[in-house]
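# Analysis of the macromolecular model
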Amino acid sequence: MTSLRAVAAVCGLFVVALIATQIQADPARYDNYRVYKVLIERVDQLELLQLIEQRPDGYTFLSDPVHLNTAVKLVVPPHKMAEFQELAERFELKATVAFDNLQAVIEQQMKGRRETFGWTAYHPLEDIYAWLDTLIAEYPGIVTPIVAGETYEGRQIRGVKVSYKAGNPAVFTEGTIHAREWISAATVTWVLNELLTSQNAEVRNIAENYDWYVVPVANPDGYVYTHTTTRLWRKTRSRQNVLCLGVDPNRNWDYKFNQGGTSVNPCSDTFSGPSPFSEIETRTLSAYISTIPNLSTYLDFHSAGQLLMVPYGHTTEPLDNYNELMDIGRKAIAKLQERHGSVYLVGNIAEIIYVASGSSLDWVKGTLQTPLTFAYELRDTGEYGFLLPPDQIIATAEETLDSIILQNQSSLLRSVSMKISLVCLVLALVGAAVAEKARYDNYRLYQVRIATESQLQLLQAIEQYPDGYRFWSDPVKVGTEVLMVVPPHQRGHFAELRATYGLRVRLQSENLQQLFDDEARPSLRKEAFGWTAYYRTDAIYSWLDGLVTSYPGIVTPLNIGNSYEGRPIKGVKVSYKAGNKAVFLESLIHSREWISGATVTWVLNELLTSTDPKVRQIAENFDWYVFPVTNPDGYEYTHTTDRQWRKTRSVASSLCRGADPNRNWGYNFMQGGASSVPCSDTFAGASAFSEIETRQLSDYIATIENMSTYLAFHAYSQLLLIPYGHTTARLDNYDETMAIGTKAINKLRERFGTTYKIGNIAEAIYVASGGSIDWVKGVLRTPLVYAYELRDLGRFGFVLPPDQIIPTAQETLDSIIVILEEGSTYGYH
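This one's a predicted model, so the numbers in the text were calculated from it and none came from an experiment. (Residues numbered from 1 in each chain as written. Predicted model: local features only at pLDDT ≥ 70, side-chain atom pairs only at ≥ 80, totals over all residues. Heavy atoms only, no water.)

### What about the pattern of salt bridges?
For the coordinates displayed, the defined rule picks out 39 salt bridges. Taking the shortest distance from any N to any O, the salt bridge between Arg536 and Glu636 comes out at 2.8 Å. Of the two residues, Arg536 sits in the loop between helix 17 (512–519) and helix 18 (537–550) while Glu636 sits in helix 21 (residues 632–640), which places them 100 residues apart along the sequence. By relative accessible area, Glu636 is classed as buried at 9%. Between Asp814 and Arg751 there is a salt bridge whose closest N-O contact spans 2.8 Å. With Asp814 in helix 26 (residues 805–825) and Arg751 in helix 23 (residues 734–752), the pair connects residues that are 63 residues apart, well separated along the chain. For Asp814, a relative accessible area of 13% puts it in the buried group. Here Arg751 falls in the partly exposed class, since its relative accessible area comes to 43%. Sharing partners across several salt bridges, the network here consists of Asp474, Arg646, Asp660 and Arg663. (Salt bridge = Lys/Arg side-chain N within 4 Å of Asp/Glu carboxyl O. Helix = DSSP H or I, 4+ residues; strand = E, 2+ residues; numbered from the N terminus. Buried < 20%, exposed > 50% of the residue type's maximum accessible area, 1.4 Å probe, protein only.)

What follows is the structure, encoded as structure tokens:
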């Protein structure tokens, strides 16, 4: 009896649900539903969002939460606002409002419909099908109707075949398999219209030399539902249980079914179905595609993301003709970009977006072995997503057709490309003799967060083989941020990497050259040496010579030798009396860190001119050895040729110049944080002290008697670092060095509020062996050894504006005074 009641209850629920589906529901509205862009930075945040996706309770995801360090769009209904804000606070979610009122966005998308079919608006299914009938009537013998399948609710999956002559290879185009992606159907119909009406020679070529099978709406039931009831619907409309309807028709195909990127929850937007081809739509559509003779190309249209994807979605392993598809795809997206500037990425589905098995694209490639198979994720990259305004339909379709044409010219372009490459190589070899000054117009500076080990490995690989990229800070540790320069030719590549690896980035500068121009404005330089601008080596050396003349008996010239290119490495000694302990100041060992040299020269000037009692105390009771430019070749090169240059200018290999002079010292050489690749910015050199600059500098430092303090100056990061760089093990007087340094950075903060951190190099920043301060500490046993990483924290990086020179130097001198005062307290002086 109980069993019969249970069955009756279930049947009753089913009948109620069945009746409900036959009643026309009121269209869903989203007034004051807010759309948030949510950044996924941690595993617990990802798990939270995935839990919400599984049990939505009013929430709706417009993009799937599948990766760390990606952003998703989440619709939050009014009754969930307080809950979401609480969750955001508890899980430290970074959420920004994308749309304050989703309904207003939807209504904007609905505007523009006219009685005649066109592309200034999105059209319902009946309009699309009526337009197909018009084409069949207007182009007899060229346009023929096709029925490519059937739907759960009894609709036909309709399309047309366009054929101008027998024997053509076939192209199949399919749109709106995901119901809410309206731009895909609009793009497919616009392209179809062009194939019939355009007089453009390239369009006519592909129109008449291929047979076109065009299905604008592969999921009619779902598409109708987005117009009548719920704009956000994605799936089919088949019943799965009492509560849930529909299957994701692009996870239901019988190739590597349920091998990742799918859900077994029937309510989920990515529910793959109870079995492959469980949906009549996918089952009948696949059967039709199998009958098409000579199918050479399959084009599947989705939105949004601006991606051109190749199989497969279940694996990152390359398919058989991966290189050819990628080559064609790169050329296609380059062509697409020309018309309106839209930047697309190209790649394997599983790499470029996420694992997603059971798709139509994978089935067509894996089962039918169709040679050319691509899936478009059309406009945009997230501002509107699949709610793209109607005024973008034609532009989207135009650029898409450009890329489709390009795909069919790939073999010609490949041969032309080889010829161009040879010409470019010859020009590069000819032009290598006379170098022009490097410019960075429209080079972008990004701050990149390294959140995972795979991201770290990616950035380290780029650092080793940069191809135009440049790092301003080394990618060596998960959980840190680096500044990265992206050249214009790598923008698409960088965007692809961002999508593939989930890189979290912040644009620091749209045009790096403008930063360089502002930094080096000649108008800032005065005839007399000063600190309102950055000065070149000769000007600095002339100023040093002037000090020798102005302060006879106090300032003594020092010249420890010449650089690789023959420039002197000049400094001065400041001594007011005999018997003082010695302090050594070293800067511009990394040539692009201009603020370091400017700071050291300002400090030197204060030691000679200041009347402040504390400055006079340290000036007159220590002997000061000051070398503002310890890498003169590199520093000059930053002024004359390449502002980003870091290394020396010795010949490292037939292709590469220079070694990192702060990885070249003979103490624990090459014990981490240095490269053996000569082109790398952190190339340590062929051997310890291979560079004449470090060899001569170390030889001279070793002769200084009674040296108690060594201070090296770098930029940027606002750090006060202590040895060692090769290990986190503590040096002998670690506690005293840390205590003194902590007081120093506290004092530094007082003047302008600039916050520094202190620590062992390997802990506070990264492993970096072969540095000057490690050698001075480890070999010479100098008591107090510090390296400053001066302003700032990354807003300007190496290109610190000149108006920050004096404030940087002032606060730095404040801290130096404390180091020397506290050092005396500990008995080091």
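### As for the pairing of strand 19 (residues 581–587)
Extensive coverage of strand 19 is indicated by the burial of six of its seven residues. In the sheet, strand 19 pairs with strand 21 (residues 707–715) via six bridges, with the strands oriented parallel. Residue pairing in the sheet places Leu585 in a bridge with Leu711 of strand 21. (Pairing = 2+ DSSP bridges.)

### Points about the sheet that holds strand 13 (residues 444–449)
The four strands are arranged 14-15-13-16 in an open sheet whose pairing can be described as antiparallel. The open sheet has two free edges, formed respectively by strand 14 (470–471) and strand 16 (504–509), since each of these has just one partner strand. As paired elements, strand 13 and strand 16 share five bridges and run antiparallel to each other. For Val448, the partnering residue across the bridge sits in strand 16 and is Val505.

### Details of the packing of aromatic side chains
Think of a pair of aromatic rings as described by two things: how far the centres are apart, and how the planes are tilted against each other in angle. Applying the stated criterion across every chain yields a total of 37 aromatic pairs. Arranged with centres 4.7 Å apart and planes meeting at 40 degrees, the rings of Tyr36 and Phe84 form a pair that is tilted. Here Tyr36 is found in strand 1 (residues 34–40), whereas its partner Phe84 is found in helix 3 (residues 81–90), with 48 residues between them in sequence. Residues Tyr210 and Trp212 carry aromatic rings whose centres are separated by 6.3 Å and whose planes lie at 65 degrees to one another, so their mutual orientation is edge-to-face. Looking at Tyr210, the relative accessible area reads 15%, which means it is buried. Site record: aromatic cluster; members linked through ring pairs are Phe584, Tyr625, Phe627, Tyr700 and Tyr710. Above the plane of the ring of Tyr129 lies Arg158, whose end atom (NZ or CZ) is 5.2 Å from the centre. Over the aromatic face of Trp594 sits the side chain of Arg643, whose NZ or CZ is 3.7 Å from the ring centroid. (Phe/Tyr/Trp six-rings, centres within 6.5 Å; stacked < 30°, edge-to-face > 60°. Lys NZ or Arg CZ within 6 Å of the ring centre and 35° of its normal.)

### Points about the pairing of strand 1
With respect to burial, strand 1 is a largely interior element, five of its seven residues being buried. Here strand 1 pairs with strand 3 (residues 70–76) via seven bridges, running antiparallel. Bridge pairing in strand 3 places Arg34 opposite Val76. As defined by bridge partners, strand 1 adjoins strand 4 (residues 94–99) across five bridges and the pair is classed as antiparallel.

### Thoughts on the sheet that holds strand 22 (residues 719–722)
With mixed pairing, the eight strands of this open sheet are ordered in space as 17-18-20-19-21-24-22-23. Two strands bound the open sheet, and with one partner strand each, they are strand 17 (555–562) and strand 23 (757–760). Mean inter-strand twist for the sheet, computed between neighbouring axes without regard to direction, equals 20 degrees. Pairing between strand 19 and strand 20 (residues 622–627): six bridges, direction parallel. In the sheet register, Ala582 faces strand 20, and the bridge partner there is Asp623. Along the sheet, helix 18 contacts strand 17 and strand 18 (568–574); its crossing angle with strand 18, the most-contacted strand, is approximately 30 degrees. Against the sheet, helix 22 (residues 692–701) contacts strand 17, strand 18, strand 19, strand 20 and strand 21, and its axis sits at roughly 140 degrees relative to strand 17. (Axes fitted to C-alpha atoms, helices over the stretch in contact; angles between N-to-C directions. Contact = heavy atoms within 4.5 Å.)

### Concerning the side chain of Ser360
On the secondary structure map, Ser360 appears in helix 12 (residues 360–366). Leaving out residues up to four positions away in the same chain, Ser360 has contacts with Glu174, Asn250, Trp253, Tyr298 and Asp300.

### Remarks on the nonpolar core
Trp472, Phe584, Trp624 and Tyr788 are the most contacted members of the largest nonpolar core, which totals 103 residues. Shared between two domains, this core takes at least three residues from each, and those domains are domain 3 (444–510) and domain 4 (518–584 + 606–704 + 729–826). Setting aside residues up to four positions removed in sequence, Trp624 forms contacts with Val572, Lys573, Val574, Val583, Leu585, Leu607, Ile618, Ala619, Ile816 and Leu820. Ile128, Ala185, Leu195 and Trp253 belong to the second-largest nonpolar core, a separate cluster that totals 88 residues. (Core = buried A, V, L, I, M, F, W, Y, C linked by side-chain atoms within 4.5 Å. Domains from an automatic or database assignment.)

### Some remarks on the confidence of the model for the protein
For any part of a model where pLDDT is low, the fine detail of the predicted coordinates should not be relied upon. Per-residue confidence for the protein gives a mean pLDDT of 88; residues scoring 70 or more make up 91%. Scored below 50 in pLDDT, residues 1–25 shows ten contacts in the model against residues more than four places distant or in partner chains. Segment residues 410–435: pLDDT under 50, and nine contacts once partners within four positions in sequence are set aside and those in other chains are kept. (pLDDT = per-residue confidence, 0-100.)

### Description of the packing of helix 18 against helix 21
Between helix 18 and helix 21, the shortest axis-to-axis distance is 9 Å and the interhelical angle comes to 125 degrees. Relative to helix 21, the element helix 18 is oriented oblique. Contacts between helix 18 and helix 21 involve Thr537, Ile540 and Tyr541 from the first element and Pro632, Tyr635 and Glu636 from the second. Its residues assigned to classes, the contact of helix 18 with helix 21 comprises four nonpolar, one polar and one charged. (Parallel < 35°, antiparallel > 145°, perpendicular 65-115°, else oblique. Nonpolar A, V, L, I, M, F, W, Y, C, P; charged D, E, K, R; others polar.)

### Things to note about the domain arrangement of the protein
What the domain assignment reports for the protein is domain 1 (34–108), domain 2 (114–151 + 158–237 + 280–345 + 371–405), domain 3 (444–510) and domain 4 (518–584 + 606–704 + 729–826). Taking only C-alpha atoms, the centre of domain 2 and the centre of domain 4 are 61 Å apart.

### What about the UniProt feature "active site" (unreviewed entry) in the protein?
According to UniProt, the "active site" (unreviewed entry) feature falls on Glu377 and Glu789. Spanning 413 residues, the annotated positions stay apart in the fold, the maximum distance between their C-alpha atoms being 44.1 Å. By the element assignment, Glu377 lies in strand 12 (residues 372–378). Among all residues touching Glu377, those that are not within four sequence positions of it are His302, Ser303, Ala304, Gly305, Gln306, Leu307, Met309, Tyr344 and Ile353. A polar contact is formed between the side chain of Glu377 and the backbone nitrogen of Ala304, at a distance of 3.4 Å. (UniProt positions renumbered as here; feature names shortened; annotations may be inferred. Polar contact = N/O pair within 3.5 Å; in protein donor to acceptor, adjacent residues only side chain to side chain.)

### A few points about helix 20 (residues 613–621)
Here helix 20 has its buried residues at Val615, Arg616, Ile618 and Ala619. Packing partners of the buried residues in helix 20 comprise helix 19 (594–609), strand 20 and helix 26. With a side-chain oxygen lying 2.9 Å from the backbone nitrogen of Lys614, the N-terminal cap of helix 20 falls on Asp612.

### Points about the packing of helix 18 against helix 19
Packing of helix 18 against helix 19 leaves a shortest axis separation of 12 Å and a crossing angle of 10 degrees. Classed by the angle they form, the pair helix 18 and helix 19 counts as roughly parallel. Contacts between helix 18 and helix 19 involve Ile540, Trp543, Leu544 and Leu547 on the former and, on the latter, Thr601, Leu604, Asn605 and Leu608. Residue classes in the contact of helix 18 with helix 19 are distributed as six nonpolar, two polar and no charged.

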